[in-house]
Amino acid sequence: MICCGYMWKSGGEDLQGFYPVRSEYVADVPRTRFKSRAGKTLSARRWHAAFTEDGNLDMERVLRRIQRGGIHPSIKGEVWEFLLGGYDPDSTFEERNILRNHRREQYYAWKEECRRMVPLIGSGKFVTMAVVAEDGQPLEESSVENQGWLVKTAITDKRLLQWMLVLSQIGLDVVRTDRYLSFYENESNQARLWDILSIYTWLNPDIGYVQGMNDICSPMIILLEDEADAFWCFERAMRRLRENFRTTATSMGVQTQLGMLSQVIKTVDPRLHQHLEDLDGGEYLFAIRMLMVLFRREFSFLDALYLWENFVSADVGYGVQSKLVCIIRETREQKQLLTTGSKVTEEVWKV
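These numbers were taken from a predicted model, which means no experiment stands behind them.

Scoring rules and cut-offs
Residues numbered from 1 in each chain as written. Predicted model: local features only at pLDDT ≥ 70, side-chain atom pairs only at ≥ 80, totals over all residues. Heavy atoms only, no water. Helix = DSSP H or I, 4+ residues; strand = E, 2+ residues; numbered from the N terminus. Buried < 20%, exposed > 50% of the residue type's maximum accessible area, 1.4 Å probe, protein only. Contact = heavy atoms within 4.5 Å. Areas by Shrake-Rupley, 256 points an atom, 1.4 Å probe, with all protein chains shown as cover. Lys, Arg positive; Asp, Glu negative; His and termini not counted. Salt bridge = Lys/Arg side-chain N within 4 Å of Asp/Glu carboxyl O. Axes fitted to C-alpha atoms, helices over the stretch in contact; angles between N-to-C directions. Parallel < 35°, antiparallel > 145°, perpendicular 65-115°, else oblique. Left-handed = near helix turned anticlockwise from the far one by under 90°. Nonpolar A, V, L, I, M, F, W, Y, C, P; charged D, E, K, R; others polar. Patch = residues over 30% accessible without salt bridge, like charges linked within 9 Å, V, L, I, M, F, W, Y side chains within 5 Å. Charge placed at Lys NZ, Arg CZ, Asp CG, Glu CD. Polar contact = N/O pair within 3.5 Å; in protein donor to acceptor, adjacent residues only side chain to side chain. Phe/Tyr/Trp six-rings, centres within 6.5 Å; stacked < 30°, edge-to-face > 60°. Lys NZ or Arg CZ within 6 Å of the ring centre and 35° of its normal. Disulfide = S-S within 2.5 Å.

**Points about the overall build of the chain**
Step number 1: Along the backbone of the chain there are 13 helices and 2 strands.
Step number 2: Taken over 351 residues, the chain has a buried fraction of 52%.
Step number 3: Long-range pairs, those at least 24 residues apart, make up 70% of the contacts in the chain with a sequence separation of at least 6.
Step number 4: When the accessible surface of the chain is summed, it comes to about 16800 Å², and 49% of that surface belongs to carbon and sulfur atoms.

In structure tokens, the structure reads:
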């Protein structure tokens, strides 16, 4: 079995430069430990060689390479579109181009629909202050903070009001998202993230927006140049993860995974589990963020993506078990637990 830690050993190409960190944050951000390794990592050359002349992709071959050494940053975006199920590996280049163009048209039509309701969408700006009151009345004092845009009439439509109430929360989260990366020094990139999250929220009123979705969406913005392609990649990821963000008065979306994590730790490391029980941490609530946003805030940007690639490629179904990083160790005594650990990550990525 391949261990995720293998790619964090010394040697290999240093990939830090692909996602540069702002100088003021260098001391506070973990340096990426993932390194590309010749013959292990899925390179651009091997990726392009996996396609037939018509464009059919040998997905099993690609997945084996990903599970051995991750994906080189130069091709992460296009590979992720397949990993998340955006394109059928058996489709041709022409079929994918048709589908891509159709999706882009659909996305920009939705974006125009939202722009007519909130003119800041697509403007390169975004809001961080409430635009309407809870009762739907305009908030005149919000005009300056919200780039001069102002709701002029009371909002009576329930769906529209619910959406407008959350736009400022999305904006506040956008400002905090991966702010250590040089990519987000450009406000227009932050605005793209806000646009996608706002449009997704409008289209999915049943789930709405929940903090943490910004962490899932951010890599798509960074990896894919076209905003529409980034939206569809995020949409595919949310098909798998949306239940993690669904919280009611009596349950949390990640409660099932927390229960599985508890069982894994109890078997792998009973002393640790008992210690957590003694500290009243036996319900593993401290792991909510880890499971909800899949370690995005615990590791460097590149290391987190490497973990995602292992989780998703294993979940696609070509027989390689996924691992719960830093919890499951590959020893003879613990091999029977790998299936249990796999169930945790499979549940996280469940469609």
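Still more to cover.
**Observations concerning helix 3 (residues 76-83)**
Step number 1: Extensive coverage of helix 3 is indicated by the burial of 7 of its 8 residues.
Step number 2: Where helix 3 is concerned, the buried positions are Lys-76, Gly-77, Val-79, Trp-80, Glu-81, Phe-82 and Leu-83.
Step number 3: Buried residues along helix 3 sit in contact with helix 1 (44-49), helix 2 (59-69), helix 4 (93-117), helix 7 (213-223), helix 8 (227-241) and helix 12 (301-315).
Step number 4: One or two steps after helix 3, the chain reaches Gly-85, where phi turns positive at roughly 85°.

**Examining the side chain of Arg-65**
Step number 1: Topologically, Arg-65 is positioned in helix 2.
Step number 2: It is Asp-58 that comes nearest to the buried, bridge-free Arg-65 among opposite-charge side chains, at 11 Å.

**Looking at the packing of helix 3 against helix 12**
Step number 1: Here helix 3 crosses helix 12 at 30°, and the two axes come no closer than 11 Å. When the axis of helix 3 is compared with that of helix 12, the two are roughly parallel. When the axes of helix 3 and helix 12 are compared, the crossing they make is left-handed. Only Leu-302, Leu-305, Trp-308, Glu-309, Val-312 and Ser-313 of helix 12 make contact with helix 3, whose side of the interface consists of Lys-76, Trp-80 and Leu-83.
Step number 2: Residues belonging to the contact of helix 3 with helix 12 are distributed by class as follows: 6 nonpolar, 1 polar and 2 charged.

**Section: a negative patch on the surface**
Step number 1: Residues Asp-88, Asp-90, Glu-94 and Glu-95 make up a contiguous surface patch of negative charge.
Step number 2: Along the chain, the position of Asp-88 falls in the loop between helix 3 and helix 4.

**Points about the side chain of Arg-22**
Step number 1: Within the secondary structure, Arg-22 sits in the loop between strand 1 (13-14) and strand 2 (35-36).
Step number 2: Judged by its relative accessible area of 19%, Arg-22 falls in the buried class.
Step number 3: A distance of 2.9 Å separates a polar atom in the side chain of Arg-22 from a polar atom in the side chain of Glu-24.
Step number 4: Dropping the residues within four chain positions of it, Arg-22 is found in contact with Arg-179, Tyr-180, Leu-181, Ser-182 and Glu-185.

**Section: helix 7**
Step number 1: Of all 11 residues that make up helix 7, 11 are buried, and the element is covered over most of its length.
Step number 2: Of the residues making up helix 7, those classed as buried are Met-213, Asn-214, Asp-215, Ile-216, Cys-217, Ser-218, Pro-219, Met-220, Ile-221, Ile-222 and Leu-223.
Step number 3: Those residues of helix 7 hidden inside the fold are in contact with helix 3, helix 5 (158-176), helix 6 (187-203), helix 8, helix 11 (288-292) and helix 12.

**Some remarks on the packing of aromatic side chains**
Step number 1: Tallied over the full model, the rule gives 19 aromatic pairs.
Step number 2: Seen from their ring centres, Trp-110 and Trp-232 are 5.7 Å apart, and the 40° between their planes marks the pair as tilted. Taken together, the residues Trp-110 in helix 4 and Trp-232 in helix 8 connect sequence positions 122 residues apart.
Step number 3: Residue classification places Trp-110 among the partly exposed positions, given a relative accessible area of 22%.
Step number 4: Between Tyr-200 and Phe-234 the ring centres are 5.0 Å apart and the planes differ by 65°, which places this aromatic pair in the edge-to-face class. With a gap of 34 residues between them, Tyr-200 in helix 6 and Phe-234 in helix 8 connect regions that are remote in the sequence. Phe-234 matches Tyr-200 in its accessibility class, with the two residues each being buried.
Step number 5: Aromatic ring contacts, followed pair by pair, group Trp-47, Phe-51, Phe-82, Tyr-87 and Phe-93 into a single cluster.
Step number 6: Against the face of Phe-34 rests Lys-76, its NZ or CZ located 5.7 Å from the ring centre.

**Quick notes on the state of the cysteines**
Step number 1: For the structure shown, the criterion picks out 0 disulfides.
Step number 2: Cys-217 forms no disulfide, and the closest cysteine sulfur to it belongs to Cys-233, at a distance of 9.7 Å.

**Thoughts on unusual backbone geometry**
Step number 1: One non-glycine residue, Asp-178, lies in the positive phi region at around 45°.
Step number 2: Secondary-structure assignment places Asp-178 in the loop between helix 5 and helix 6.
Step number 3: When its relative accessible area of 7% is taken as the criterion, Asp-178 is described as buried.
Step number 4: The residue Phe-295 is not glycine, and still its phi comes out positive at about 65°.
Step number 5: Mapped onto the elements of the fold, Phe-295 is located in the loop between helix 11 and helix 12.

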